[in-house]
Amino acid sequence: MPKRPLDHRAGTATTSDLPAALAAPPSPDSPTPLLGGLTPSQFMRRYWQKKPLLIRGAIPDVAAPLSRDALFELATSEDAESRLVSHARGRWSLEHGPFDSDALPSVKRREWTLLVQGADLHDDRARALLDRFRFVPDARLDALMISYATDGGGVGPHFDSYDVFLLQVHGKRRWRISAQRDLTLKPGLPLKVLQHFEPEQEWLLEPGDMLYLPPHIAHDGIAQGECMTCSIGFRAPSANELIGQFLYYLAERGELAHSPAGERLYRDPRQSAVAHPAELPAAMIAELGAILARVKWTQRDLVSFLGSYLSEPKPQVVFDAPDRPLAEAAFIRRAQASGVRLDNKTALLYGARTYFINGEESALPRSRKWLCELADTRRIEGKRFVTLSTDESMTALLYEWYCAGWVRVGAFS
Ligand code: SIN
Ligand code: CO
């Protein structure tokens, strides 16, 4: 593969200055260009999980949250999940990052693409872009992926199991889509490519245009010249994942394992001698069924499990605690002047009685309003902080989170 020195002057995409206010959650009943003039409520009713929607000029003045060089730089990091897909002489290849800065093909070479998942964890502008989609619950919103492609680049015709918004942020990409039933994949390839792709619709997307696709719509996006695309992705745990994780959660909490019934060891006083020792005993199978039938849980267990599980940081997430944290009084002064915000890697969810921050559950404080506000807007403005800071339990908690790297003091940089 040809080596390409990183040229920091050669960034083709520029970064945009997204005003901090744009990161506030969108209002469900205000029409927005982001959804082609629909309100988020209308979009959710008519399109979400139902049918594709092409939106011209969704973000008319959009620019890539990261320049090409900054994206390549991010792909060198262990903390970011990156993939390189190339297509040459009819053959697909896939490599997983991190990629040394000289390990990517030349930008002059055709038909390759670099995909970097979770850009929102590392970049404020990427996070602000993701925040525009917070009309969908945080429990469903997953991450922002940025792809860079040279002319002809793409990942091949495929389908995804999750909803996605594909936002063109630099250059042009031709998307072809199909609601075809046949989702058979080509065997023996390192990536998911459809065996028979029969496009039904096709559009050329320019910067600011966006395509929404519900799960299982076949699609193929091919770069026309160099381009960058942001994918706003969602998570949808399978029933198997939920069952497995929920039982694990109950067992961890001692609700299965440490109760007297849970600790009782298997007994078989009526076991007879066997001629087939390798055969599973029928009584043991029946006992497992009986144990599972006795598993009980409460509404609270459901909430606690979901909140902790969904706010758990992804395995590669490492929080950057401040090297030299401010003293508490200085932190409060700074927060009163310029506010606080959740770190991009922080997940903060709440239920009726408890909240969940980065996988940990706690009771909602008596003055819960500020906490729910912080969770919903991911920030507390300076002026609001001044009003709230008479509550010492609030400032103490926020200071603790600041020292852990979960909260930043000051608005978006
Ligand atoms: C891409 O950005 O190249 C791929 C996104 C997708 O098709 O899901
Ligand atoms: Co896709």
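This section reports on the structure supplied with the text.

Cut-offs used in this document
- Residues numbered from 1 in each chain as written.
- Chains lettered and ligands numbered in written order.
- Predicted model: local features only at pLDDT ≥ 70, side-chain atom pairs only at ≥ 80, totals over all residues.
- Heavy atoms only, no water.
- Donors = N, O, S within 2.8 Å, 3.2 Å for Na, K, Ca; no water.
- Helix = DSSP H or I, 4+ residues; strand = E, 2+ residues; numbered from the N terminus.
- Buried < 20%, exposed > 50% of the residue type's maximum accessible area, 1.4 Å probe, protein only.
- Near = heavy atom within 4 Å.
- Polar contact = N/O pair within 3.5 Å; in protein donor to acceptor, adjacent residues only side chain to side chain.
- Areas by Shrake-Rupley, 256 points an atom, 1.4 Å probe, with all protein chains shown as cover.
- Nonpolar A, V, L, I, M, F, W, Y, C, P; charged D, E, K, R; others polar.
- Phe/Tyr/Trp six-rings, centres within 6.5 Å; stacked < 30°, edge-to-face > 60°.
- Lys NZ or Arg CZ within 6 Å of the ring centre and 35° of its normal.
- Pairing = 2+ DSSP bridges.
- Salt bridge = Lys/Arg side-chain N within 4 Å of Asp/Glu carboxyl O.

The next point concerns the coordination of the cobalt ion (ligand 2). Surrounding the cobalt ion (ligand 2) are the protein donor atoms His158 (NE2), Asp160 (OD) and His219 (NE2), at 2.0 to 2.1 Å. Taken in chain order, the donor set of the cobalt ion (ligand 2) reads H-x1-D-x58-H. One end of the pair, His158, is in the loop between β5 (141–149) and β6 (164–178); the other, His219, is in strand β9 (residues 218–234), with 61 residues separating them in the sequence. With respect to class, His158 is no different from His219; both count as buried.

Let us now look at the site of ligand 1. Neighbouring ligand 1 are Leu115, Ser147, His158, Asp160, Leu166, Arg173, Trp175, His219 and Ser231. In the model, an oxygen atom of ligand 1 is placed 2.7 Å from a nitrogen or oxygen of the Ser147 side chain. Measuring from an oxygen atom of ligand 1, one finds a side-chain N or O atom of His219 at 3.2 Å. Protein contact buries 94% of the 260 Å² of open area that ligand 1 shows by itself. Elements supplying a minimum of two residues to the shell around ligand 1: β6 and β9. Ranked by residue count, the leading element in the shell around ligand 1 is β6, at 3 residues. By residue class, the composition of the shell around ligand 1 is 3 nonpolar, 4 polar and 2 charged.

Looking now at the packing of aromatic side chains. Tallied over the entire structure, the rule returns 25 aromatic pairs. Between Trp48 and Phe234, the aromatic rings sit 4.9 Å apart at their centres with planes inclined by 75 degrees, giving edge-to-face as the arrangement. Residue Trp48 is located in the loop between α1 (40–46) and β1 (53–55), and its partner Phe234 is located in strand β9; the two are separated by 186 residues in the primary sequence. Both residues of the pair, Trp48 and Phe234, belong to the buried class. Relative to Trp406, the ring of Phe319 has its centre 6.1 Å away and its plane inclined at 55 degrees; by these criteria the two rings are tilted. A residue pair is termed long-range when its members are at least 10 positions apart, and Phe319 in the loop between α7 (299–311) and α8 (328–338) and Trp406 in the loop between α11 (392–404) and β15 (407–409) qualify at 87 residues. The class for Trp406 is buried, based on a relative accessible area of 13%. Joined through ring pairs, the aromatic side chains of Phe43, Tyr47, Trp48, Phe133, Phe135, Phe165, Tyr212 and Phe234 make up one cluster. Taking the ring centre of Phe159 as reference, the NZ or CZ of Lys192 above it sits at 4.4 Å.

Another point: the sheet that holds β15. Across the sheet, 3 strands lie side by side as β14-β10-β15; this open sheet has antiparallel pairing. Either end of the sheet is taken by a strand with one partner, and the two such strands are β14 (379–380) and β15. Bridge analysis of strand β10 (residues 340–342) against β14 gives 2 bridges, and the strand direction is antiparallel. From the neighbouring strand, Val340 faces β14, where its bridge partner is Ile380.

Turning our attention to the pattern of salt bridges. Applying the stated criterion across every chain, the model contains 18 salt bridges. A salt bridge links Asp343 to Arg408, with the nearest nitrogen and oxygen atoms 2.8 Å apart. With Asp343 in the loop between β10 and β11 (348–350) and Arg408 in strand β15, this pair connects stretches of sequence that are 65 residues apart. One salt bridge connects Glu373 with Lys369, and the closest N-O pair in it is separated by 3.7 Å. Taken as a pair, Glu373 and Lys369 lie in helix α9 (residues 369–377) at a separation of 4 residues, close to a single helical turn. Through salt bridges that share partners, Arg68, Asp69 and Glu226 make up one connected network.

So yeah, pure geometry; function would need other evidence.
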